[in-house]
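Here is how the chains run, residue by residue.
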Amino acid sequence: MQTTKRSERCIRIGQVGTGVMALAHSIAYSNIPQIFNGGIRIQKKIIADKTNELAKSGAERLGYEKWTNRWEEVVESEEVDVVDICTPNDLHMPIALASAKNGKHIICEKPLALTAQESKSMYDAVKDGHVKHCVAFNYRMTPAVLEAKKIIETGTLGEIFHFRGSYLQDFAIDKQFPLVWRFKSNIAGTGSLGDIGSHIIDYARFLVGEPIAVVANNKTFIKERPIQSANRNQAPKTGTVDVDDAVSILMQFSSGAMGTIEASRFYHGRKNQLSFEISGSKGSVYFDWERRNELQFYSSEVSQGHRGFTKIITGPDNPYGGILWPIPGLGMSYIETTNVLLHQFILGVLENRQTEPNFYDGFKTAVIMDAVLVSDKERKWIEIGSH
Ligand code: SOE
């Protein structure tokens, strides 16, 4: 097939994985030329999954020109500029190392890898390969969160005393929920800690700064789960869950602020509740993904009789709040955070700028998660070194 030359503003994508996150990323690629109107063209060149059937149906649904059951073909393709990794976590490192070696820019879903050591090797590889890199902490791109960051960085909250954050879901409470890869350490690395806790740890770093120590308590509530079997006549077998279902973390920041973090798949009623509250000497902010187009803001600078949390409804006056609609209150959804994440990364690739969040953020989050595991096992505070 003739190699299509990459024009000035054209980016050619090679995707690995055809699941839910691959769908989110693929929709974002299709949206970028329309939403950002910056003359960027995205070509979806090739997609891979573990079987030809999955790869073919993924290519048809997501709009890729070619498909393969070998991720190596994506990484080696001369028609690919960016490799997008949306696989289970154990494949993140091998695909990223091969991509960097082949000079491909990389977007990788979170958590970056199974461990801090794997994450470090990926970070070193993209630096050595002089390629741009992105870890998909998409929730950073929520206008209300970016507004909270602006409020903090302008000193409006004063000295930060507290970060309290949680990411709560309840899908795993069902004992019949099968033993999927998210419950196996050899594929996922960790359980709720890496799957959803990584997002809230990223918020802590993004909004308050670097933690210098953690102490943690992790729990696996259901230790055996049914193994899905194609043969309905076969008596269902069960397998062992060897990762956490929930974690509680205390954190000490280098700034002197205190942190409290929870991540759990066992909170009935919380379907996807990612939230934080940050409180300082002059005020507080509170964000809840379930009300993602609002930010609660409290200032002690208001006269005593008039103090209270005000509700900021985000829109064009807030970062990325106007990418779609010129009026406040229409709101952004999950897919728009991915649109923004991938657009700012691709713009960085085209303009030869490294953007954030990137593999360094993925690596630092992995260091903190490793420390959480050690703390839970040794039942003590664990110091987090600087990197
Ligand atoms: C877990 O259920 C999950 O799919 C995470 O893996 C994603 O990162 C999060 O955005 C939604 O929940």
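Described in the following lines is the structure provided in the data block. (Residues numbered from 1 in each chain as written. Predicted model: local features only at pLDDT ≥ 70, side-chain atom pairs only at ≥ 80, totals over all residues. Heavy atoms only, no water.)

### Re unusual backbone geometry
Here the bond from K110 into P111 is cis, since omega is -15°, no more than 30 degrees from zero. Position of P111 among the secondary structure elements: in the loop between β5 (105-108) and α5 (116-128). In this structure, P357 follows E356 across a cis peptide bond, with omega equal to 0°. Relative to the helices and strands, P357 is located in the loop between α9 (334-350) and α10 (359-378). Located in the positive-phi region is R379, a residue other than glycine, with phi close to 55°. Tracing the backbone shows R379 in the loop between α10 and β17 (382-383). (Helix = DSSP H or I, 4+ residues; strand = E, 2+ residues; numbered from the N terminus.)

### So, the packing of aromatic side chains
Tallied over the full model, the rule gives 16 aromatic pairs. Their ring planes at 75° and their centres at 5.9 Å tell us that Y139 and Y167 sit as a pair that is edge-to-face. Here Y139 is found in the loop between β6 (133-135) and α6 (143-153), whereas its partner Y167 is found in strand β7 (residues 160-168), with 28 residues between them in sequence. What makes Y139 buried here is its relative accessible area of 4%. Sitting above the plane of the F206 ring, K149 keeps its charged end 4.3 Å from the centroid. Across the ring face of F183, the terminal group of R265 is positioned such that the distance to the ring centre comes to 4.9 Å. (Phe/Tyr/Trp six-rings, centres within 6.5 Å; stacked < 30°, edge-to-face > 60°. Buried < 20%, exposed > 50% of the residue type's maximum accessible area, 1.4 Å probe, protein only. Lys NZ or Arg CZ within 6 Å of the ring centre and 35° of its normal.)

### Considering the environment of G348
With respect to the helices and strands, the residue G348 is situated in helix α9. With a relative accessible area of 0%, G348 lands in the buried category. With 94 residues separating them along the chain, G348 and S254 place their C-alpha atoms 30 Å apart. With residues up to four places along the chain from it excluded, the contact list for G348 reads K132, R353 and T355. (Contact = heavy atoms within 4.5 Å.)

### Digging into the sheet that holds strand β2 (residues 41-48)
In spatial order, the strands read β3-β2-β1-β4-β5-β6; together these six strands make up an open sheet with parallel pairing. Both edges of this open sheet fall to β3 (66-68) and β6, since each of them pairs with a single strand only. When strand polarity is set aside, the average angle formed by the axes of neighbouring strands in this sheet is 20°. Running over the sheet, helix α1 (residues 20-36) touches β1 (10-16), β2, β4 (82-85) and β5 and is turned about 160° from β2. (Pairing = 2+ DSSP bridges. Axes fitted to C-alpha atoms, helices over the stretch in contact; angles between N-to-C directions.)

### Details of the site of the ligand
Around the ligand, the neighbouring residues are M21, K110, Y139, Y167, Q169, R182, D195, H199, N272 and Y334. At 3.3 Å from an oxygen atom of the ligand is found a side-chain nitrogen or oxygen belonging to Y334. Alone, the ligand offers 310 Å² of accessible surface; in the complex the protein occludes 84% of this. Classifying every residue of the shell around the ligand by side-chain character gives four nonpolar, three polar and three charged. (Near = heavy atom within 4 Å. Polar contact = N/O pair within 3.5 Å; in protein donor to acceptor, adjacent residues only side chain to side chain. Areas by Shrake-Rupley, 256 points an atom, 1.4 Å probe, with all protein chains shown as cover. Nonpolar A, V, L, I, M, F, W, Y, C, P; charged D, E, K, R; others polar.)

### Describing helix α2 (residues 52-62)
For α2, the full list of buried residues reads A55, G58, A59 and L62. With its buried residues spanning 100° around the axis, α2 presents them on a single face. Among the exposed residues of α2, those pointing more than 90 degrees away from its buried face are E53, E60 and R61. Next to the buried residues of α2 lie α1, β2 and β3. (Arc of directions from axis to C-beta.)

### A closer look at the packing of α1 against α9
In a packed pair of helices, the relevant descriptors are the angle between the two axes and the axis-to-axis distance. Relative to each other, α1 and α9 sit at 70°, their axes nearing to 8 Å. Taken together, α1 and α9 sit at an angle that is classed as roughly perpendicular. By crossing handedness, the relation of α1 to α9 is classed as right-handed. Facing M21, A24, H25, I27, A28, Y29, N31, I32, I35 and F36 of α1, the residues of α9 in contact are Y334, I335, T338, N339, V340, L342, H343 and I346. A per-class count over the contact of α1 with α9 returns 13 nonpolar, five polar and no charged. (Parallel < 35°, antiparallel > 145°, perpendicular 65-115°, else oblique. Left-handed = near helix turned anticlockwise from the far one by under 90°.)

### Some thoughts on the sheet that holds strand β11 (residues 246-253)
Read from one edge to the other, the open sheet built from nine strands follows the order β16-β15-β14-β13-β7-β12-β11-β8-β17, with strand pairing classed as mixed. A single partner strand is all that each edge strand has here, and the edge strands are β16 (310-313) and β17. Where strand β15 (residues 294-299) and β16 come together, four bridges link them in antiparallel fashion. Residue pairing in the sheet places Q296 in a bridge with K311 of β16. Sheet strands in contact with α6 are β7, β13 (273-280), β14 (283-288), β15 and β16, and its direction is about 20° off that of β15. The strands that α10 touches are β8 (211-219), β11 and β17; relative to β8, the one it contacts most, it runs at about 55°.

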